[in-house]
Every structure is written in C-alpha cells, then in structure tokens.
Amino acid sequence: MKEQKGEGSKFAHITRAHPCFNEKMHDKVGRAHVPIAPKCNIYCNFCTRDINKDEARPGVAACVMDPDAAIEHVKDVTKEGPISVVGVAGPGDALANEETYEFFKKLGDTNPDLIKCMSTNGLLLPEKAEEIANLGVNTVTVTVNAIDPEIAKDIYSFIKYKGKVYKGKEAVEILIKNQLEGIEKLSNLGVIIKVNSVLIPGLNDEHIVEIAKEVKKRGASLMNVLPLIPLNKMKEYSKPTCAEIEKVRDEVEEIIPVFRACTQCRADAFGIPGKKNEDKHLGMTPASHY
Ligand code: SF4
Ligand code: SF4
Ligand code: SF4
C-alpha cells in the first residue's frame, strides 16, 4: 500500500488503528464483526445468498444476533484481546437492516472509543449518509463491482428499492447512481471510505481501473480488489489467478491507494485478522460479504 497523499490527519488517526484500512495493522489490532444484518436488498450473482434459505436451518439462524446481544459480544471480545474496530458486515447489507442503526447508537454509549465501521452495497447510501455520519460511524466499505450498466447487468440479478423490484439495466442504473452519489455524500460528511471491487475474470477485469478513477473523484480513500469466489450463478466463472489480481491492483494503485492484505473474512469474525491463531468466528454463517 503506497502512502496516502494529501489526506487529512483524520485519515491517519483512524487508519492507525484499523486493520482493514492499514496493512501494517492487519496483524496487530483486531476487529469484531457483529452479525446483526441478515437481510439484503440486492442480488449479486456470485453471492452465497442461499444463506437466506440456510438461515432457517438449525445453527445458522443462531448466528444472527440482536443489537443487545451484539453489545454483550463486544464487551466479551474486547476483554479477550486488542479490538479497535467494531464492524457490521452482514451477513446481508448493513444499511438494509434497522438493527445496524440501533446497534451503533448503543455502541456509541457503551464503547465510544471503538472505531465504528460497516460494509454495504451502497444502494441506500444517499438516503442514509447523514444518519450514518450522525451515528459516529468512522469508516465505510462500499462494494462497487462495475460502474458501466452493460457490465453490471451481468453481475446483479435484481435490486429491491423503495418497495419495488427492479431487474436488468434499470436495476443496475439505480444501484450505480446510488453507490456513487452515496460515496460522494458520505465522504463530504467526513466518513472515510474504502471501495471493494470483486475481480471477475472476463467481465470486469479491465473495468476496475475505471471504477478506481470514478470513486477517487467521489472521495473514496482506498480500494481493495478481491478475487471472485465462484459460487451461485457465477460458479462456472474462473477464480482470478494471483498474477491477474496483482496486475489489476498495480493498475489501480496508479490512481488510488490499494489495500492488499485482505483475506475476505466472515461476517461473524473477531480477533486479529492477520494472525491465524488469534482470528476467530462464531462458527455459524459463511461470509456473504465481499
Ligand atoms: Fe447482498 Fe453482499 Fe450478497 Fe451482494 S454480496 S447479495 S450485497 S450480501
Ligand atoms: Fe469494517 Fe469491512 Fe473491515 Fe469489517 S471487514 S471491520 S466492515 S472494513
Ligand atoms: Fe477486513 Fe479483509 Fe482483513 Fe477481514 S481480511 S479484517 S475483511 S481487510
């Protein structure tokens, strides 16, 4: 990761203690994910959203906590080790679940010093940006896999937005518009933004650099290029090779700093992500958040 140029001290202050925004911290400080956000409002073709079905099976439903249980969980894990960040990373979309807002409100009272983080597909960002900033959320990861509707329509099957289901180009036009407007709005409110892009060989591999240019313009500070895990409707796609990932990361790094230490952790992970024996999870739900 190259050094951040021209960013304010706020970036330096927050990222000093954030394992997902600072590679040097990835094996030093911990984060705790609280799995309080089971619902999702879009359908990514690679996602293991079968967990919706799975959630009805014994064991899997038990991993979704309510905000009070999540606060207790934070209390426990912060006693165990050096946790600096608490994140809502699913198993669905953080913004599509009211529990996320309730949880961060409570966390602000019980643990005001912890960095508040969340990940989202960005569909609801424009309308939720102010609320997120007012809750004191410091860092947000937005997953943007395409900004060209022609490419995006092969990545997403549908979105559910304001009570209506949209498909095809109509759906992805709304999603892209909201992601970009949301990033701009949130960054103007002082929230630090990382953009995750899932590298899908043959689909968006040459396009991610275009995403980088646009999100940088909109105020994102960092990007994370992740390899596709071929699942669900994309199980016939190939997983990108290390060389393919490195090539795209190098191209993107010409535009915006790239975070390279990510190993795609689960929605219920806690501990120090870069230390295998100190990274734990609740042992219930597969990660659905890229
Ligand atoms: Fe929703 Fe995330 Fe799965 Fe996409 S990857 S369908 S945003 S939970
Ligand atoms: Fe935040 Fe995402 Fe890291 Fe979780 S994985 S702490 S939500 S950036
Ligand atoms: Fe965040 Fe990735 Fe590290 Fe997990 S492995 S803590 S998602 S940067």
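Residues numbered from 1 in each chain as written. Chains lettered and ligands numbered in written order. Predicted model: local features only at pLDDT ≥ 70, side-chain atom pairs only at ≥ 80, totals over all residues. Heavy atoms only, no water.

## Looking at the overall build of the chain
Scanning the chain from terminus to terminus reveals 9 helices and 11 strands. Here the chain holds 290 residues, and the buried ones make up 55% of them. Only carbon and sulfur atoms are counted for the fraction: they give 51% of the accessible area of the chain, which is about 12,600 Å². (Helix = DSSP H or I, 4+ residues; strand = E, 2+ residues; numbered from the N terminus. Buried < 20%, exposed > 50% of the residue type's maximum accessible area, 1.4 Å probe, protein only. Areas by Shrake-Rupley, 256 points an atom, 1.4 Å probe, with all protein chains shown as cover.)

## Concerning the packing of aromatic side chains
Summed over all chains, the structure comprises 2 aromatic pairs. Aromatic pair Phe103 and Phe104: ring centres 5.4 Å apart, planes at 55°, arrangement tilted. The exposure classification of Phe103 matches that of Phe104, with both residues buried. Sitting over the face of the ring of Phe21, Lys194 holds its NZ or CZ atom 5.1 Å from the ring centroid. Lying across the ring of Phe259, Lys194 places its NZ or CZ 5.5 Å from the centre. (Phe/Tyr/Trp six-rings, centres within 6.5 Å; stacked < 30°, edge-to-face > 60°. Lys NZ or Arg CZ within 6 Å of the ring centre and 35° of its normal.)

## As for the side chain of His33
Along the chain, the position of His33 falls in strand β1 (residues 30-33). Each residue touching His33, except ones within four places of it in the same chain, is listed here: His73, Gly87, Ala89, Cys265, Arg266, Ala267, Asp268 and Ala269. (Contact = heavy atoms within 4.5 Å.)

## Notes on helix α8 (residues 208-218)
Ile208, Val209, Ile211, Ala212, Glu214 and Val215 are the residues of α8 that are buried. Immediately beyond the C-terminal end of α8, within one or two residues, lies Gly219, with a positive phi of roughly 115°.

## Things to note about the packing of α8 against helix α9 (residues 242-253)
Two elements in contact, α8 and α9, have axes whose closest approach is 9 Å; the angle formed by their N-to-C orientations is 30°. It follows from the interaxial angle that α8 and α9 lie roughly parallel. α8 and α9 meet at a crossing whose hand is right-handed. Each of Ile208, Val209 and Ala212 in α8 lies in contact with α9, whose residues at this interface are Val248, Glu251 and Val252. (Axes fitted to C-alpha atoms, helices over the stretch in contact; angles between N-to-C directions. Parallel < 35°, antiparallel > 145°, perpendicular 65-115°, else oblique. Left-handed = near helix turned anticlockwise from the far one by under 90°.)

## Some details on the confidence of the model for the chain
Of the residues in the chain, 87% have a pLDDT of 70 or more, and the chain-wide mean is 87. A low-confidence stretch, residues 3-7 stays under pLDDT 50, and its non-local contacts, those more than four residues away or across chains, total 5 contacts. Between residues 284-290, whose pLDDT stays under 50, and residues either more than four places distant or in other chains, the model counts 34 contacts. (pLDDT = per-residue confidence, 0-100.)

## As for the environment of Gly271
Among the structural elements, Gly271 can be located in strand β10 (residues 269-271). With a relative accessible area of 10%, Gly271 lands in the buried category. For the pair Gly271 and Val77, spaced 194 residues apart in sequence, the C-alpha separation works out to 7.7 Å.

## Points about the pairing of strand β3 (residues 83-88)
Summarising burial for β3: 6 of the 6 residues are buried, a large majority. Bridge count for β1 against β3 is 4 bridges, and the pairing is parallel. Within the sheet, the bridge partner assigned to Ala32 lies in β3 and is Val86. Taken together, the 4 bridges between β3 and strand β4 (residues 115-120) define a ladder with parallel strand orientation. In the sheet register, Val86 faces β4, and the bridge partner there is Lys116. Each parallel crossover has a hand, and for β3 linked through helix α4 (residues 98-110) to β4 it is right-handed. (Pairing = 2+ DSSP bridges. Right-handed = clockwise from strand over helix to strand, strands pointing away.)

## Focus: the side chain of His207
With respect to the element layout, His207 can be found in the loop between β8 (192-199) and α8. Separated by 3.4 Å, the side chain of His207 and the backbone nitrogen of Asp148 make a polar contact. Excluding residues that lie within four positions of it along the chain, His207 makes contacts with Asn145, Ala146, Ile147, Asp148 and Ile151. (Polar contact = N/O pair within 3.5 Å; in protein donor to acceptor, adjacent residues only side chain to side chain.)

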